Amino acid sequence: MSKFSGITSFSSLGAVKKVFHTGKVGHTGTLDSFAEGLLVVLVGKLTRLAPFITATDKTYQAVVRFGVETDTLEITGKETARGVIPSRQQLEEVLSQFVGTISQRPPEFSALHVGGKRASDLVREGKSVEMPLREVTINSIALKEFCGEYALLEVSCSKGTYIRSLARDISHSLGTCGYLAALRRTGVGPFVLEQAVFADKMSPFTVDSRGISQREQIFSEEDYNLIEKSLIEFTPSFATQCNLSPVTLKNDFLHAFMNGKPLKKNWFINSGGEVYKELPQGYVAVFSCQGAFVGMIEVGEGRITYCFVVPSL
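- Identification of the protein chain as tRNA pseudouridine synthase B from Candidatus Treponema excrementipullorum is taken from an unreviewed UniProt entry.

Below you can see the structure in the form of structure tokens.
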């Protein structure tokens, strides 16, 4: 579904809980309150897929404002520095430096834990926080628009990338400062914003408008119907799109699988109905012969282990 600016990712799930009559609803990656865009929502026992989908690459549209920096590195923070405004040519020349695997320092105002406490809480208590560097991968950065002190970037990146930090680091590489003025997530793995519920209610995302889409959390009967119709079944083909290898569990071993018996290679067959000589390595999505998703396993060298089992959907 689409999350709108001004509300938290958690509060965006309220309508989904109401439609499906369950409190067991999760998402695959928080968007800050000021940000908007795609929120992939999982319902019921499929919430256990969250870490596997969260691990997929993300795409964003980001508006960076140059010449000003804030303590939070985004629009809601307090101004901490001023600098010059770079030219479009100068910006284009440095962007390639940030493509590939890079070291990134997360924002101090973040939910990451330092010494057992959230970094943002420590900063608000007036304590000094040194955020450790982490490796992230930037697949691509494209400059879509440039107007005055604002630039619209399109970014494809790995899990764990902070676009706020990217805006800061790009600015610093230009000898100035900057912050994230607006952010819209447009993709998570195989999921795209255009197919999300309420995506048609979002404003065009540009440098001038900065695309901020506000929407009151008042849902009509039509909205609830749209949410219900948007539910996607987790199928073998969809598992493949999520970078998971799908296998079929033979009916003879379904009961043993559901009861956590030691896993054996001959339990699983491929799309041609043949027992695997070698199972796919890594995380594997298991489906019954009837096509129902029944669990996840992990396959390594000489071992097969359970991740979780889904008795029924």
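Read on, since the account is not over.
1. Observations concerning the packing of aromatic side chains
Move 1: As enumerated under the stated definition, the model contains twelve aromatic pairs in all.
Move 2: Their ring planes at 75° and their centres at 4.8 Å tell us that F234 and F293 sit as a pair that is edge-to-face. Residue F234 is located in the loop between α6 (221-229) and α7 (236-241), and its partner F293 is located in strand β18 (residues 293-300); the two are separated by 59 residues in the primary sequence.
Move 3: Judged by relative accessible area, which is 2%, F293 ranks as buried.

2. What to know about unusual backbone geometry
Move 1: Of note in this structure, F198 is not a glycine but carries a positive phi near 75°.
Move 2: Positive phi, normally seen in glycine, also occurs at N243, with a value near 65°.
Move 3: Residue placement: N243 occurs in the loop between α7 and β15 (245-249).
Move 4: Given the relative accessible area of 64%, N243 is considered exposed.

3. Details of the sheet that holds strand β17 (residues 282-288)
Move 1: Strand order across the open sheet formed by five strands is β16-β15-β17-β18-β19, with mixed pairing between neighbours. With one partner strand each, in any of the chains shown, β16 (268-269) and β19 (303-309) form the two edges of the open sheet.
Move 2: Pairing analysis gives five bridges linking β15 to β17, with the strands arranged parallel. In the strand pairing of β17, S245 is matched with V284.

4. Quick word on the state of the cysteines
Move 1: Tallying each qualifying case throughout the model produces zero disulfides.
Move 2: C147 forms no disulfide, and the closest cysteine sulfur to it belongs to C177, at a distance of 19 Å.
Move 3: What makes C147 partly exposed here is its relative accessible area of 38%.

Reading guide: rules and limits
- Residues numbered from 1 in each chain as written.
- Predicted model: local features only at pLDDT ≥ 70, side-chain atom pairs only at ≥ 80, totals over all residues.
- Heavy atoms only, no water.
- Phe/Tyr/Trp six-rings, centres within 6.5 Å; stacked < 30°, edge-to-face > 60°.
- Helix = DSSP H or I, 4+ residues; strand = E, 2+ residues; numbered from the N terminus.
- Buried < 20%, exposed > 50% of the residue type's maximum accessible area, 1.4 Å probe, protein only.
- Pairing = 2+ DSSP bridges.
- Disulfide = S-S within 2.5 Å.

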